[in-house]
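Here is how the chains run, residue by residue.
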Amino acid sequence: MAEKRKFQAIKGTRDLLPPETELWNRVEQTAHQVFGTYGFGEIRPPIFEPTELFARSIGQETDVVSKEMYTFVDRHEKLEVPQNIGQYGAFIEKVRKLLAIGKIPRTPRNEIAIEDMQSAWNKYRSSKLDWDAAIENAYYMVVAKDTMQLGPEVSLRPEATASVCRAYIEHNMHALPQPVKLYYTGPMFRRERPQKGRYRQFYQIGAEVLEVLQPGQGSAKDIPKDAAIDAEVIEMVMTFFARLGLEGAQLDINSIGHSAPECRRGYVEKLKAELEKVKDKLGPDCQRRIETNPLRVLDSKLESEQAIIERLPRIGDHLCADCKKHYAEVKRQLDLRGVMYTENWRLVRGLDYYMRTTFEIIAQGLGSQNAVCGGGRYDGLVELLGGPPTKGIGFAIGEDRLILSLQEAGKGTVARGRDVYIAWMGQKTLATAIRAARELREAGLRVELPPVEQKFGKALGQADKLGARYALILGEAEVATGQWTLKTLGDGAQAKYSEAELLEFLKRNG
Ligand code: HAM
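Calculation notes
- Sequence positions are assigned chain by chain, starting from 1 and proceeding in written order.
- For a predicted model such as this one, the threshold for reporting local features is a pLDDT of at least 70, and the threshold for listing and counting side-chain atom pairs is 80 or more; totals across whole chains, interfaces and linings nevertheless cover every residue.
- Only heavy atoms go into the side-chain values, all of them from the structure, while hydrogens and water stay out.
- Helix and strand definitions here come from DSSP, where helices need a minimum of 4 consecutive H or I residues and strands a minimum of 2 consecutive E residues; each element is numbered from the N-terminal end.
- Burial classes: relative accessible area under 20% of the type maximum marks a residue as buried, over 50% as exposed, and values in between as partly exposed (1.4 Å probe, protein chains only).
- Contact criterion: two residues are considered in contact whenever any of their non-hydrogen atoms come within 4.5 Å of each other.
- The protein chains shown are the only cover counted for residues, whose accessible areas, like all others here, come from Shrake-Rupley with a 1.4 Å probe.
- For this purpose, a residue is taken to be near a molecule or strand whenever a single non-hydrogen atom of the residue falls within 4 Å of it.
- Pairs of N or O atoms within 3.5 Å make up the polar contacts considered here, provided that, within protein, one atom can donate a hydrogen while the other can accept it, and that residues adjacent in sequence are counted only when both atoms are side-chain atoms.
- Note on definitions: salt bridges are taken to be side-chain nitrogens of Lys or Arg within 4 Å of carboxyl oxygens of Asp or Glu.
- Inter-axis angles, ranging from 0 to 180 degrees, are taken between N-to-C directions of lines fitted to C-alpha atoms, where helices are fitted over the stretch in contact.
- With respect to orientation, any angle under 35 degrees is reported as roughly parallel, any angle over 145 as roughly antiparallel, any angle of 65 to 115 as roughly perpendicular, and every other angle as oblique.
- Each crossing gets its handedness from the near helix: less than a right angle anticlockwise from the far helix is left-handed, clockwise is right-handed.
- Disulfides are defined as cysteine sulfur pairs within 2.5 Å.
- Strands qualify as paired when DSSP identifies two bridges or more between them.
- By this rule, a helix spans an expected 1.5 Å times one less than how many residues it contains.
- Regarding the arc, it is the one traced by the directions from the helix axis to the C-beta atoms.
- Just so you know, the count uses Lys and Arg for positive and Asp and Glu for negative, and it drops His and the chain ends.
- In this text, buried Ala, Val, Leu, Ile, Met, Phe, Trp, Tyr and Cys residues form a nonpolar core when linked through side-chain atoms within 4.5 Å.
- Stacked, tilted and edge-to-face are the three classes applied to pairs of Phe, Tyr and Trp rings, where Trp contributes its six-membered ring and a pair requires centres within 6.5 Å; stacked means planes under 30 degrees apart, edge-to-face means over 60, and tilted covers the rest.
- A ring is scored as having a charge over it whenever the NZ atom of a lysine or the CZ atom of an arginine sits within 6 Å of its centre and within 35 degrees of its normal.
- Think of a patch as exposed residues, more than 30% relative accessible area, with no salt bridge, where like charges cluster within 9 Å and nonpolar side chains (Val, Leu, Ile, Met, Phe, Trp, Tyr) cluster within 5 Å.
- Charge positions come from single atoms, namely NZ of Lys, CZ of Arg, CG of Asp or CD of Glu.

K.L.:
Could you clarify how one ought to interpret the overall build of the chain in this entry?
P.N.:
A count of helices and strands for the chain gives 18 helices and 16 strands. Dimensions of the chain, computed from the C-alpha atoms along their principal axes, are close to 90 × 80 × 50 Å. For the chain, the residues scored as buried account for 48% of the 510 residues in total. Across the chain, contacts joining residues at least 24 apart in sequence account for 71% of those joining residues at least 6 apart. Taken as a whole, the chain presents about 26,200 Å² of accessible surface, with 52% of it coming from carbon and sulfur.

Structure (structure tokens):
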């Protein structure tokens, strides 16, 4: 007998169940409505993309790309790995052809493997009479084959900004009226250590504004326009949160300038020099970051490092004139819109594509994983991915965290039970019960029609358990007289109505 195995959702993933899914639907519905009023249209990119897309945009050195992506080789469909050593010659030929036409990636590892395989194959064939040599070469061949990457490397998306930029390029969206405003909702995947508010499959609601640079554009002239777009995008998130009744959300903003010696690069050099001086007092993570990404030191939450970080040079004092102007204008635009914010010079974000504006929103009731939204400007990312010079700004909300925060604040909707339970008794009433259920459902009511006849007491008990508001009692007498009985389960009141009156009453009050 097969062993009984208890399956469970994989660590860091979870089932979202009713009644909670009602709240998820309400949140997503509100996003569709609010984002629609700001002129955004929905995009649904695929859940997996070439690994290279994420590595290039988010950054090879970031935690997301270096440690957290779910990556696999999407093996070439028509390439069967031979079970039998004698077929390796044909296999090598086929791999060479696929490599030549680019169906198998031409990586250095693959080039070496194919040469190793070929040479082991040649020796294997010429050593047929020497049994030991044949076995040894067969072994080399299998080992070489196992090191090959027989198809493109793909990853489950850890975020969607890269995908939206890829889609913008792929569908020539630069030819549409600019800017192009897109939003998305859906699952993202990061192999992080699971805890409250942090999952390996989590959900984001995000939006991006992309605008191709027209000839002669991109100068200081554009700063007021770009800053107004930044502020409007932030205003939209805050409006969305307000519409959901999320209270106490705190918006932090910063500018991280742009990558030039007279701006961020110069600052990072200074920061690095200062960090070297205090290196011994920092923990191992921050010591490593001095080399890989000094800005991320500012993100540290380690208590012992806080006083040291407070004394480090601040980016605001090292921005170039244009970036300074942009930041000042973003703040003026936020003020104009009545959006409250806190300036946080340590807000650098964990993804490499940002420049100028960065922001994060902290929500109540979430413990250490309290960032419910993060975003910023990423001019140049589309170009980095092979598109025309393009400006970009966007954000992503962690939907799991948003839902938790709403629930903690008592804003999670209490699930609605059924509106009407149809307690039908006697086979002759079934046709009438089916018809009544259909009409009430067409009017949008939640109706429970028991599949088999029940005794009166059991039917009412069941109606109660399901949280029904009304029980429609249909016995043979009711059907014969056309006078139906409606019981209000809250107070036990009971009244008789004609069929038409009762349907009308329920449609109005159900
Ligand atoms: P991010 O800061 O990596 O930015 O993620 C945005 C939000 O997703 C976070 O603030 C958090 O609420 C949620 N989140 C991230 N990881 C997890 C996790 N493991 N479990 C639960 N929630 C999580 C981005 O993803 C950028 N693409 C945002 C953006 C769009 N920037 C410009 N456009």
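Next comes the rest of the write-up.
K.L.:
Is there a simple way to explain the site of the ligand in this structure?
P.N.:
What surrounds the ligand is a group of 26 residues, the closest being Glu159, Glu192, Glu208, Tyr354 and Ala371. Taking Phe395, its main chain carries an N or O atom lying 3.3 Å from a nitrogen atom of the ligand. Burial of the ligand by the protein chains amounts to 95% of its free accessible area of 650 Å². Sorting the residues of the shell around the ligand by element identifies strand E6 (201–212), strand E10 (371–377) and strand E11 (390–398) as the ones contributing at least two each.

K.L.:
It is not clear to me how the pattern of salt bridges should be interpreted in this structure. Could you clarify?
P.N.:
In a structure, side chains of opposite charge can pair up when their charged atoms sit close to one another. According to the stated counting rule, one finds 33 salt bridges in the structure shown. Arg96 is paired through a salt bridge with Glu115; the nearest N and O atoms lie 3.4 Å apart. Of this pair, Arg96 sits in helix H4 (residues 88–100) while Glu115 is found in helix H5 (residues 108–126), placing the two residues 19 residues apart along the sequence. With a relative accessible area of 44%, Glu115 lands in the partly exposed category. A network of salt bridges, in which partner residues are shared, links Glu49, Arg166 and Glu170.

K.L.:
Looking at this model, I keep getting lost on the packing of H4 against H5. Mind explaining?
P.N.:
Packed helices, taken two at a time, are described by their axes: the angle between them and the distance between them. At a minimum axis distance of 10 Å, the contact between H4 and H5 shows a crossing angle of 155°. As the angle between them shows, H4 and H5 are arranged roughly antiparallel. For the crossing formed where H4 meets H5, the hand is left-handed. For the pair formed by H4 and H5, the contact residues are Tyr88, Gly89, Phe91, Ile92, Val95, Arg96 and Leu99 on the first element and Asn110, Ile114, Glu115, Met117, Gln118 and Trp121 on the second.

K.L.:
I keep staring at the state of the cysteines and nothing clicks. Help me out?
P.N.:
Put plainly, a disulfide is one covalent bond tying together the sulfur atoms of two cysteines. Inspection of the entire model under this criterion finds zero disulfides. Among the cysteines around Cys165, which has no disulfide bond, Cys373 carries the closest sulfur, lying 17 Å off. For Cys165, a relative accessible area of 0% translates into the label buried.

K.L.:
Help me out: how do you make sense of the sheet that holds E6 in this one?
P.N.:
In a beta sheet, neighbouring strands are held together by backbone hydrogen bonds and run either parallel or antiparallel to one another. The eight strands are arranged E1-E5-E6-E11-E10-E9-E7-E8 in an open sheet whose pairing can be described as mixed. A strand with exactly one partner marks an edge of an open sheet, and here the two such strands are strand E1 (41–42) and strand E8 (342–343). With nine bridges connecting them, E6 and E11 associate as antiparallel partners. Note that in E11 the partner of Ile205 across the bridge is Ile397.

K.L.:
Looking at this model, I keep getting lost on helix H9 (residues 264–278). Mind explaining?
P.N.:
Structural remark: α-helix, 3.6 residues per turn; residues separated by three or four positions point the same way. Taking 1.5 Å per residue, 15 residues should reach 21 Å; H9 reaches 21 Å between its end C-alpha atoms and fits that length. Those residues of H9 lying buried are Arg264, Tyr267, Val268, Leu271, Leu275 and Val278. Relative to the axis of H9, the buried residues are bounded by an arc of 95° and lie together on one face. Exposed positions of H9 whose direction lies more than 90 degrees from the buried face are Glu269 and Lys277. The inward-facing, buried residues of H9 abut helix H10 (284–292), helix H11 (306–310) and strand E9 (355–362).

K.L.:
Explain the side chain of Asp252 here, please?
P.N.:
Mapped onto the secondary structure, Asp252 falls in strand E7 (residues 250–255). An unpaired buried charge is present at Asp252: no salt bridge exists, and Lys301, the closest side chain of opposite charge, is 9.3 Å distant. Engagement of the side chain of Asp252 in a polar contact is seen with the side chain of Gln250, the distance being 2.6 Å. Polar side-chain contacts of Asp252 include one of 3.0 Å to the side chain of Asn344.

K.L.:
It is not clear to me how the nonpolar core should be interpreted in this structure. Could you clarify?
P.N.:
Soluble, globular proteins show a tendency: their nonpolar side chains are buried together. Ranked by internal contacts, the top residues of the largest apolar core, which has 98 residues, are Phe35, Phe240, Phe241, Phe395 and Leu402. Here this core gets eleven residues from one element, more than from any other, and that element is helix H8 (residues 223–244). Excluding anything up to four places from it in sequence, Leu402 contacts Val27, Phe240, Phe241, Leu244, Leu246, Val372 and Ile397. Counting residues in hydrophobic clusters, the runner-up holds 21 residues, among them Val81, Ala113, Ile114 and Met148.

K.L.:
How should the packing of aromatic side chains be read in this particular structure?
P.N.:
Each aromatic ring pair is characterised by the separation of its centres together with the angle its planes make. Inspection of every chain in the model, using the stated rule, returns 14 aromatic pairs. Between Phe35 and Phe40, the ring centres sit 6.5 Å apart and the planes meet at 50°, which makes this aromatic pair tilted. Across this residue pair, the class does not change: Phe35 and Phe40 are buried. Here the aromatic cluster, defined as three or more aromatic residues joined through ring pairs, consists of Phe35, Phe40, Tyr183, Phe240, Phe241 and Phe395. Above the plane of the ring of Tyr327 lies Lys331, whose end atom (NZ or CZ) is 4.2 Å from the centre.

K.L.:
What is the right way to look at a positive patch on the surface in this model?
P.N.:
Judged by side-chain charge, Lys78, Lys94, Lys97 and Lys103 come together as a positively charged surface patch. With a relative accessible area of 59%, Lys97 lands in the exposed category.

K.L.:
Can you help me understand the environment of Gly41 in this one?
P.N.:
Residue position: Gly41 is located in strand E1. Taking the C-alpha atoms as reference points, Gly41 and Leu298, 257 residues apart in sequence, are found 36 Å from one another. If we skip the residues at most four places from it in the chain, Gly41 touches Lys181, Leu182 and Tyr183.

K.L.:
What exactly am I supposed to notice about the pairing of strand E4 (residues 153–156) here?
P.N.:
Inspection of the sheet shows strand E2 (residues 48–50) paired to E4 by three bridges, in the antiparallel sense. Bridge pairing in E4 links Pro50 to Val154. As paired strands, strand E3 (residues 71–73) and E4 are joined by three bridges and run antiparallel to one another. Looking at E4, one finds that Thr71 is bridged to Ser155.

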